[in-house]
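Structure at a glance
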Amino acid sequence: MKTIAAIRTNHWGEDAERVFAQLAPVWGDRLVTVFHNRPEGMALPLPVVDINDAWVEQNGLRVLPDWGWRCGDYCLYALRQAYPDAEHFWLIEPDVFFKGDVGAFFDRFADRDEDCLGVSVEPLPGEHIFSRFYKDLNLQRAIFALVRFSSDLVDWLFEERRAYLQQSIKPKFILFDEFFCFSWAMRNNKFSVGSLAEIAPDLVSKDAMRTDPDQLVEGLPAGVVQGVFHPVRSRSGFQNAITHRLARRATPFGPMVSQLQHLEPWEIEEIADGVAAQIKATMLRQRQQEIRKNQRRG
């Protein structure tokens, strides 16, 4: 059985280097990266499957404003095209951290014949906005940071995704990768679906594999010898993530945007400096609160 392991990313930094170092000894030349909009001239230490807006259009999929984040399954279709002889594909994000023997981790699933493996496959809660929007669908979910799909399922999902995207659905209501892939796989009796946490509860825990909050490598539980965690970032990766999130959320909105044209650049700099000072004070205060909270627990 030929299996390909792929790191899905749009940035090659310390976290991607870390997961590459963890996976390379296990997968060798069967480890690749699916890179979303790779900068021209960027060289990487492993084979690259490039995916960009042009690829999406050429394959009859929709170029959504956030497709690189929302539609991780596009990476599976690109992998399938690049490696037509492969039978299974692992898709792994850079903020997944393997603790202990990485080879032993993947060995536990090497003989599994399920078409689809996710951390913990479960129904989407009824109160979720997508459950309310798609009332006639039995929506399923499983964190997409660590998944494995068979080539047969990827082929079928590719055609189904293209057909689904032909519908007139607003971008914000287009199903995320995990909702689409696991829901559709569960609808077709031809395919089997399994939960990593049920197959190997000693290696995969729902509590350790979450969507948030971010964890630092040094903050992982020392008592866990073998297992997998998400989302885990290096210190620099964590700093970059905070900077990006704060900047995105602090962008002026509504009527404020139209007024920026009347400000001089130095005035905007003064506003930005003032915002930075307030954020800094808030973060330092919250840091002290967390330290005191942990001291009380100890």
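Basis of the calculations
- Residues numbered from 1 in each chain as written.
- Predicted model: local features only at pLDDT ≥ 70, side-chain atom pairs only at ≥ 80, totals over all residues.
- Heavy atoms only, no water.
- Helix = DSSP H or I, 4+ residues; strand = E, 2+ residues; numbered from the N terminus.
- Rg over C-alpha atoms; globule rule 2.2 N^0.38 Å.
- Buried < 20%, exposed > 50% of the residue type's maximum accessible area, 1.4 Å probe, protein only.
- Areas by Shrake-Rupley, 256 points an atom, 1.4 Å probe, with all protein chains shown as cover.
- Lys, Arg positive; Asp, Glu negative; His and termini not counted.
- Charge placed at Lys NZ, Arg CZ, Asp CG, Glu CD.
- Core = buried A, V, L, I, M, F, W, Y, C linked by side-chain atoms within 4.5 Å.
- Contact = heavy atoms within 4.5 Å.
- Pairing = 2+ DSSP bridges.
- Right-handed = clockwise from strand over helix to strand, strands pointing away.
- Axes fitted to C-alpha atoms, helices over the stretch in contact; angles between N-to-C directions.
- Salt bridge = Lys/Arg side-chain N within 4 Å of Asp/Glu carboxyl O.
- Phe/Tyr/Trp six-rings, centres within 6.5 Å; stacked < 30°, edge-to-face > 60°.
- Parallel < 35°, antiparallel > 145°, perpendicular 65-115°, else oblique.
- Left-handed = near helix turned anticlockwise from the far one by under 90°.
- Nonpolar A, V, L, I, M, F, W, Y, C, P; charged D, E, K, R; others polar.

**Digging into the overall build of the protein chain**
- Each helix and strand counted, the protein chain has twelve helices and 13 strands in total.
- Against the globule reference of 19 Å for 298 residues, the protein chain gives a C-alpha radius of gyration of 21 Å, in line with a compact fold.
- Of all 298 residues assigned to the protein chain, the portion counted as buried reaches 44%.
- Of the accessible surface of the protein chain, which amounts to about 16,400 Å², a share of 51% is contributed by carbon and sulfur atoms.
- Averaging the coordinates of the 35 positive side-chain charges in the protein chain and doing the same for the 41 negative ones gives two points 7 Å apart.

**Observations regarding the nonpolar core**
- Counting 50 residues, the largest nonpolar core has Tyr74, Tyr77, Leu79, Phe149, Tyr164 and Leu175 as its most contacted members.
- Ignoring any residue separated from it by four or fewer positions in sequence, one finds Phe149 in contact with Leu76, Glu87, His88, Phe89, Asp115, Cys116, Phe144, Val154, Leu157, Cys181 and Phe182.
- Residues Val96, Val102, Phe105 and Phe109 belong to the second largest nonpolar core, which totals 32 residues.

**Points about helix H4 (residues 73–82)**
- Burial analysis of H4 places eight of its ten residues in the buried class, which makes it a mostly covered element.
- Taken residue by residue, H4 has Asp73, Tyr74, Cys75, Leu76, Tyr77, Ala78, Leu79 and Arg80 as its buried positions.

**Remarks on the pairing of strand E1 (residues 3–9)**
- Across the seven residues of E1, seven count as buried, placing the element largely inside the fold.
- With burial as the criterion, each face of E1 is covered, one bearing Thr3, Ala5, Ile7 and Thr9 and the other bearing Ile4, Ala6 and Arg8.
- Where E1 meets strand E4 (residues 88–92), five bridges bridge the pair, whose relative direction is parallel. What sits directly across from Thr3, in E4, is His88.
- Judged from the five bridges that link them, E1 and strand E2 (residues 31–36) form a sheet pairing that is parallel. Within the sheet, the bridge partner assigned to Ala5 lies in E2 and is Leu31.
- Of the crossover connections in this fold, the one passing from E1 over helix H1 (residues 14–27) to the parallel E2 is right-handed.

**Considerations on the sheet that holds E2**
- Read across the sheet, seven strands follow the order E3-E2-E1-E4-E9-E6-E10 without closing on themselves; strand pairing throughout is mixed. This sheet does not close on itself; its edge strands, each paired only once, are strand E3 (48–51) and strand E10 (193–195). Adjacent strand axes in the sheet meet at a mean angle of 20 degrees when their direction is disregarded.

**Structural notes on the pattern of salt bridges**
- In total, this model carries 15 salt bridges according to the counting rule given.
- Between Arg8 and Glu93 there is a salt bridge; the shortest N-O distance is 2.9 Å. A residue pair is termed long-range when its members are at least 10 positions apart, and Arg8 in strand E1 and Glu93 in the loop between E4 and strand E5 (97–99) qualify at 85 residues.
- A relative accessible area of 17% places Glu93 in the buried class.
- Residue Asp155 pairs with Arg80 through a salt bridge whose shortest N-O separation is 2.8 Å. Residue Asp155 is located in helix H7 (residues 151–164), and its partner Arg80 is located in helix H4; the two are separated by 75 residues in the primary sequence.
- Connected via shared salt-bridge partners are Arg8, Glu93 and Asp177.

**Here's the deal with the packing of aromatic side chains**
- One pass over the structure, following the stated rule, counts 24 aromatic pairs.
- For the pair Phe130 and Phe176, a centre-to-centre distance of 5.4 Å together with 85 degrees between the ring planes defines the contact as edge-to-face. Linking Phe130 in helix H6 (residues 129–133) with Phe176 in the loop between H7 and helix H8 (177–187), this pair joins segments that are 46 residues apart in sequence.
- Of the residues examined, Phe130 reaches a relative accessible area of 3% and is grouped as buried.
- By relative accessible area, Phe176 is classed as buried at 18%.
- Taken together, the aromatic side chains of Trp69, Phe130, Phe133, Tyr134, Phe173, Phe176 and Phe179 make up a single cluster linked through ring pairs.

**As for unusual backbone geometry**
- The omega torsion of the bond from Asp212 to Pro213 falls at 0 degrees, within 30 degrees of zero and hence cis.
- Here Pro213 is to be found in the loop between helix H9 (196–199) and strand E11 (215–216).

**Side note on the packing of H4 against H7**
- Taken N-terminus to C-terminus, the directions of H4 and H7 make an angle of 120 degrees; their axes are 10 Å apart at the nearest point. Our classification of the angle between H4 and H7 gives oblique. In this structure, the crossing between H4 and H7 has a hand that is left-handed. Of the residues in H7, those in contact with Asp73, Tyr74, Leu76, Tyr77, Arg80 and Gln81 of H4 are Ser151, Val154, Asp155, Leu157, Phe158 and Arg161.
- For the contact of H4 with H7, the residue count by class is six nonpolar, two polar and four charged.

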